Amino acid sequence: MDIVWPTVFMEPLTAFLMIADFSLAIFFVCLFHWLYRTEKISLAYLYAFWFGTLIGSTWEFTFLFLGPEFLHGAVEWPWGLDGWPRKVSHSIWDGAIFMFGVYLCHRWLEGELFQRFSSKELGIMFCWGLFQELLVEYLFNGRVWIYEPLSWNPVIIPTIPGSAPMSPGYTLIPQAVWVIAPVVFYVSFLWIVKRYPDSKS
C-alpha cells in the first residue's frame, strides 16, 4: 500500500512558505507587544497594530467567503491551514504592513507626527501601501495564491517578466483594496493616537 504524504512534505518551497507565513505572523504579534512592554512604542501604536489587523481581516475574510472562483491557493496547504488560519495570518501581516508605513513616516519626516492630518504622512503611507501590494503580487501571485480574472476583477496590469508561470497578472480588486485601505488606516490611526495619548514613544 502506497503512503500518500501531505503536500507540505512533497514540495519544499510550499513547506517553507507555509511555515514562514505563520512564523512571521507570530513574530509580529510578539514584536509589537515586546515593543510596548519595553516602552519603545506607546499603547496607541499597539492598538493601531491590532486595528490594522482588523482592517486587513475585512478583505482577507471577504476573499475567503467569495470562494475559489475569485481567489484560491496555487498549492493547497495541508491540515486545514489553507482556510481561515491562513486568513488570520495574513490579517496580522496587514497590520504589520500598516505599521511599517508609520515607521517610514518617523524615518523620513521631522517634527511632531500624527497630531493632525498631514498630506505628507498620508502620502508616505499611501505610496508604501501601493508599492508593497505590487511587490507582494509580483512575488506570490501564481506561486502561493491566484486571483482569477473576472468581469468585476479584470487584469489591469499584464504579467511582467519574472512573474510566476501561473500568474494571470495584476487584477483590479487587490489593487483597489490598497488604494482605500491606507486612507482608512491613517484616519483611524490619528483618532487612536488622540484617544490614547501616551508619553512613551
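These remarks concern the structure in this document.

Quick notes on the rules
- Residues numbered from 1 in each chain as written.
- Predicted model: local features only at pLDDT ≥ 70, side-chain atom pairs only at ≥ 80, totals over all residues.
- Heavy atoms only, no water.
- 1 Å grid on protein atoms, 1.4 Å probe; cavity = no way out; pocket = protein on both sides within 12 Å on 5 of 7 lines; lining within 4 Å.
- Points joined across faces, edges and corners; volume = space filled by probe spheres on them.
- Helix = DSSP H or I, 4+ residues; strand = E, 2+ residues; numbered from the N terminus.
- Nonpolar A, V, L, I, M, F, W, Y, C, P; charged D, E, K, R; others polar.
- Expected span 1.5 Å × (residues − 1).
- Bend = angle between axes of the 7 residues up to and from the residue.
- Phe/Tyr/Trp six-rings, centres within 6.5 Å; stacked < 30°, edge-to-face > 60°.
- Buried < 20%, exposed > 50% of the residue type's maximum accessible area, 1.4 Å probe, protein only.

1. Looking at empty space enclosed by the protein
Right, on to step 1. For the coordinates displayed, the defined rule picks out one cavity of 30 Å³ or more.
Right, on to step 2. When contributions to the lining of the largest cavity are tallied by element, the ones reaching two or more residues are α4 (84-108), α5 (119-140) and α6 (172-195).
Right, on to step 3. Across the lining of the largest cavity, the residue classes tally to six nonpolar, two polar and no charged.

2. Notes on α6
Right, on to step 1. The end-to-end C-alpha separation of α6 is 35 Å, in line with the 34 Å expected for 24 residues at 1.5 Å each.
Right, on to step 2. The largest bend in α6 amounts to roughly 25 degrees and is located at Ile 180, with the proline Pro 182 lying one to four residues further along.

3. Considering the packing of aromatic side chains
Right, on to step 1. Following the criterion strictly, the structure yields 22 aromatic pairs and no others.
Right, on to step 2. Where Phe 70 meets Tyr 147, the ring centres are 5.6 Å apart and the plane angle is 75 degrees; that geometry is what we call edge-to-face. Residue Phe 70 is located in the loop between α3 (43-66) and β1 (71-73), and its partner Tyr 147 is located in strand β2 (residues 145-147); the two are separated by 77 residues in the primary sequence.
Right, on to step 3. Given the relative accessible area of 7%, Tyr 147 is considered buried.
Right, on to step 4. Joined through ring pairs, the aromatic side chains of Tyr 45, Trp 59, Phe 98, Phe 114, Phe 117, Trp 178, Phe 185, Tyr 186 and Phe 189 make up one cluster.

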